[in-house]
There are 2 protein chains.
Amino acid sequence: MIIHYKDKQYFTSKDLALSVIGGRWKIAIIWCLLHETPLRLSEIQKKLPDANQRMLIRQLRELEEDKIITRYVYPVVPPKVEYKLSEIGLLLEPVVTSICDFGDQFMQTIEKEPDPTSVD
Amino acid sequence: MIIHYKDKQYFTSKDLALSVIGGRWKIAIIWCLLHETPLRLSEIQKKLPDANQRMLIRQLRELEEDKIITRYVYPVVPPKVEYKLSEIGLLLEPVVTSICDFGDQFMQTIEKEPDPTSVD
DNA sequence: GTTCATAGTGACAAAAGAGTCAGTATTGCA
DNA sequence: TGCAATACTGACTCTTTTGTCACTATGAAC
């Protein structure tokens, strides 16, 4: 079974999923939107200060293209745009949660037994 | 809270988790090892024919470095090496499962409502 | 008329990641 | 002697992703 999506081929639905969530800031953005919704760009920026605006916008565009988030533009000046998770996007909650859980557990193991290559 | 790991800084445990599972073939390798274990390199290659050997070895090395998998070398000729998930690696089961589940659901939505940019 | 706020785009440079190809080692066997 | 099998490594290129900088638009407030 081959899945065609956005001019690419995926051999498993898992690969397709990874193409949707794979992006430097995507999981972080989804995490933010799971905790508080809707959010404006400027609010996401405050929550993710290490991502620059250009990157955030690109990631938001891709998530929107994949219908993971919705974008609502208020016809006002200065602009006001709200992002929220779509119905499909909400299905990512278990993914984000399990990644967070794993991260916590992994962190505990490296704290107990610090990696020799790590620098404190 | 800043986590130092392998000469890099992580601001959340989620980012740390993503650094561990982020790699073209890592989720696929872990998926294989969750279904059948242990596996030899040549067996993983058969299960992931699109990954070339060099890439698989690199991903396996990184997973080993992060203590997600263990590598056992039999002292025989020709070489025999077995890979299996470590105790920590097994904690990734919910991550892989939730990604697969999401992938399946996502696939259904794009089948129902095909994306205009996709090519069949 | 200038400035502010917000959300955005274009063009490019830098870095990271992925992929390719050729080569190594060991031992047994024909 | 030469080949087969398995698990690698080195060196390189190519591609993709990420990051950076400068720039736009609009209407209100001063």
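Here's what I pulled together on the structure shown here. From a predicted model like this one, the values you see are computed outputs, not experimental measurements. (Residues numbered from 1 in each chain as written. Chains lettered and ligands numbered in written order. Predicted model: local features only at pLDDT ≥ 70, side-chain atom pairs only at ≥ 80, totals over all residues. Heavy atoms only, no water.)

**A short note on the overall build of chain A**
Within chain A, the regular secondary structure consists of 6 helices and 5 strands. Its helices and strands taken in sequence order, chain A reads β-β-α-α-β-α-α-β-β-α-α from the N to the C terminus. For chain A, the C-alpha radius of gyration of 17 Å lies well beyond 14 Å, the compact-globule estimate for 120 residues. C-alpha atoms of chain A, sized along the principal axes, occupy 55 × 40 × 25 Å. (Helix = DSSP H or I, 4+ residues; strand = E, 2+ residues; numbered from the N terminus. Rg over C-alpha atoms; globule rule 2.2 N^0.38 Å.)

**A word on the protein's contact with DNA strand C**
Surrounding DNA strand C, one finds 22 residues, the nearest of these being Arg54, Arg71 and Tyr83 of chain A together with Arg24 and Arg58 of chain B. Considering DNA strand C, the proportion of its atoms within 4 Å of the protein that are sugar or phosphate atoms stands at 56%. At a separation of 3.1 Å, a sugar or linking oxygen of DNA strand C approaches a polar backbone atom of proline 79 of chain A. Taking tyrosine 83 of chain A, its side chain carries an N or O atom lying 2.7 Å from a phosphate oxygen of DNA strand C. Among the secondary structure elements, those contributing two or more residues to the surface near DNA strand C are α3 (41-47), α4 (53-65) and β5 (80-85) of chain A together with α4 (53-65) of chain B. Counting residues per element, the surface near DNA strand C draws most heavily on α4 of chain A, which supplies 5 residues. (Near = heavy atom within 4 Å. Polar contact = N/O pair within 3.5 Å; in protein donor to acceptor, adjacent residues only side chain to side chain.)

**Topic: the environment of cysteine 100 of chain A**
Following the sequence through the fold, cysteine 100 of chain A ends up in helix α6 (residues 93-112). For cysteine 100 of chain A, a relative accessible area of 15% gives the class buried. For cysteine 100 of chain A and isoleucine 2 of chain A, which are 98 residues apart along the polypeptide, the C-alpha to C-alpha distance reads 30 Å. Residue contacts for cysteine 100 of chain A: discarding those within four places in its chain leaves Trp31 of chain A together with Ser13 and Lys14 of chain B. (Buried < 20%, exposed > 50% of the residue type's maximum accessible area, 1.4 Å probe, protein only. Contact = heavy atoms within 4.5 Å.)

**Observations regarding the interface of chain A and chain B**
Opposite the 44 residues of chain A that make contact, chain B presents 44 residues. Taken together, the two surfaces of chain A and chain B that pack against each other cover about 3900 Å², and 74% of this comes from carbon and sulfur. By the criterion of area lost to chain B, the three top residues of chain A are Lys14, Phe102 and Phe106 of chain A, representing 17% of everything that side buries. One can count 0 salt bridges joining chain A with chain B. (Buried area = accessible area lost by both parts, 1.4 Å probe. Salt bridge = Lys/Arg side-chain N within 4 Å of Asp/Glu carboxyl O.)

**Brief notes about the relation of the copies chain A and chain B**
Between chain A and chain B, the superposition needs a rotation of 180° and an axial shift of 0.0 Å, giving an RMSD of 0.0 Å. The superposition operator between the copies reduces to a two-fold rotation axis. Closest to the rotation axis within chain A is the C-alpha of valine 95 of chain A, separated from it by 3.0 Å. Both copies present the same face, since 100% of the interface residues in chain A are matched by interface residues at the equivalent positions in chain B. (Least-squares fit on C-alpha atoms with pLDDT ≥ 70 in both.)

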